[in-house]
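Listed here are the chains, written in short residue letters.
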Amino acid sequence: QPIHFDDYSSILKKHFDIKAFCPAKNQFVTIVSDITWQKEAEKELKGEKERAEEKEKLFRALFYNSPDIVAMTDTNGVFLDISRVTEGYSKEKTIGANVKDLLTPDQQKDFDEAVKRALETGLPQRYEPKIKNPAGIYEYWNNRISVVKGEKDLLVINFTNVTEQKKIEEEI
């Protein structure tokens, strides 16, 4: 009956893979392999996975608990994810739709220019559309676009409703 196990030698500070079997009567074979590098790589990989999971938790906490509406879009403005939506919109219908569908042609140009500047400079860019909500009321927004560089560049857009501020400014 062959046996196979891993063991750690505290004296040598090494991990070993040990295989033992009996090929014939009165014969005994043991194969010992140093697998320290493999164990260290597994430990490092586990640590990286745990760090990645912590970063993911932090990202989700920031994304879904921001006072702004936060969206992830492709560079054309198609919603890939959104933290929340305002009254009259649904998250399910928003994902897959395009930011530009909410904008007038002039505002679409402003959006495209802000995206272009963000992609060229790597710096956040702002555009401020006035959008008619599903109830027919115009709302003012201060939106910031940031680029997330990667295999495929993405945009993070922070949407801040500044309608109340605009009303106060108009009264002054």
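Residues numbered from 1 in each chain as written. Predicted model: local features only at pLDDT ≥ 70, side-chain atom pairs only at ≥ 80, totals over all residues. Heavy atoms only, no water.

Ordered in space as β1-β2-β3, the 3 strands form an open sheet in which the pairing is antiparallel. This sheet does not close on itself; its edge strands, each paired only once, are β1 (3-9) and β3 (29-34). Neighbour-to-neighbour, the strand axes of this sheet turn through a mean angle of 25 degrees, independent of strand direction. In this sheet, β3 lies alongside strand β2 (residues 14-21) in antiparallel orientation, the contact comprising 6 bridges. Within β3, the position partnered with Lys 19 by the bridge is Ile 31. (Pairing = 2+ DSSP bridges. Helix = DSSP H or I, 4+ residues; strand = E, 2+ residues; numbered from the N terminus. Axes fitted to C-alpha atoms, helices over the stretch in contact; angles between N-to-C directions.)

Turning to helix α1 (residues 36-65), a few remarks are in order. Think of an α-helix as 3.6 residues a turn; residues three or four steps apart then line up on the same face. For α1, spanning 30 residues, the distance from its first C-alpha to its last is 43 Å, which sits close to the expected 44 Å at 1.5 Å a residue. The set of residues buried in α1 consists of Thr 36, Gly 47 and Phe 63. Buried residues along α1 sit against β2, β3, β4 (69-74) and β5 (79-82). (Expected span 1.5 Å × (residues − 1). Buried < 20%, exposed > 50% of the residue type's maximum accessible area, 1.4 Å probe, protein only. Contact = heavy atoms within 4.5 Å.)

Counting 18 residues, the largest nonpolar core has Val 99, Phe 111, Tyr 127, Ile 145, Leu 155, Ile 157 and Phe 159 as its most contacted members. Going through the elements one at a time, β4, β5, α3 (105-121), β8 (138-148) and β9 (154-161) are the ones with two or more residues in this core. Apart from residues no more than four positions distant in its own chain, Leu 155 is found in contact with Ala 71, Met 72, Thr 73, Asp 74, Thr 75, Phe 111, Val 115, Ile 145, Ser 146 and Val 147. (Core = buried A, V, L, I, M, F, W, Y, C linked by side-chain atoms within 4.5 Å.)

Here we come to the packing of aromatic side chains. The full count for this structure, using the stated rule, is 4 aromatic pairs. Residues Phe 111 and Tyr 127 carry aromatic rings whose centres are separated by 5.4 Å and whose planes lie at 80 degrees to one another, so their mutual orientation is edge-to-face. Residue Phe 111 is found in helix α3, and its partner Tyr 127 is found in strand β6 (residues 125-127); the two are separated by 16 residues along the sequence. Both residues of the pair, Phe 111 and Tyr 127, belong to the buried class. Following the ring pairs from residue to residue traces out a cluster consisting of Phe 59, Phe 63 and Tyr 64. Above the plane of the ring of Tyr 138 lies Lys 130, whose end atom (NZ or CZ) is 4.9 Å from the centre. (Phe/Tyr/Trp six-rings, centres within 6.5 Å; stacked < 30°, edge-to-face > 60°. Lys NZ or Arg CZ within 6 Å of the ring centre and 35° of its normal.)

A separate point is the side chain of Asn 143. Residue placement: Asn 143 occurs in strand β8. Residue Asn 143 is classed as buried on the basis of its relative accessible area, which comes to 0%. Excluding anything up to four places from it in sequence, Asn 143 contacts Gln 125, Arg 126, Tyr 127, Pro 129, Ile 157, Asn 158, Phe 159 and Thr 160.

Within β4, 6 of the 6 residues are buried, which leaves the element mostly enclosed by the surrounding structure. Bridge count for β4 against β9 is 6 bridges, and the pairing is antiparallel. When the sheet's bridge partners are listed, Met 72 is paired in β9 with Val 156. Bridging between β4 and β5 involves 3 bridges; their strand directions are antiparallel. Note that in β5 the partner of Thr 73 across the bridge is Phe 79.

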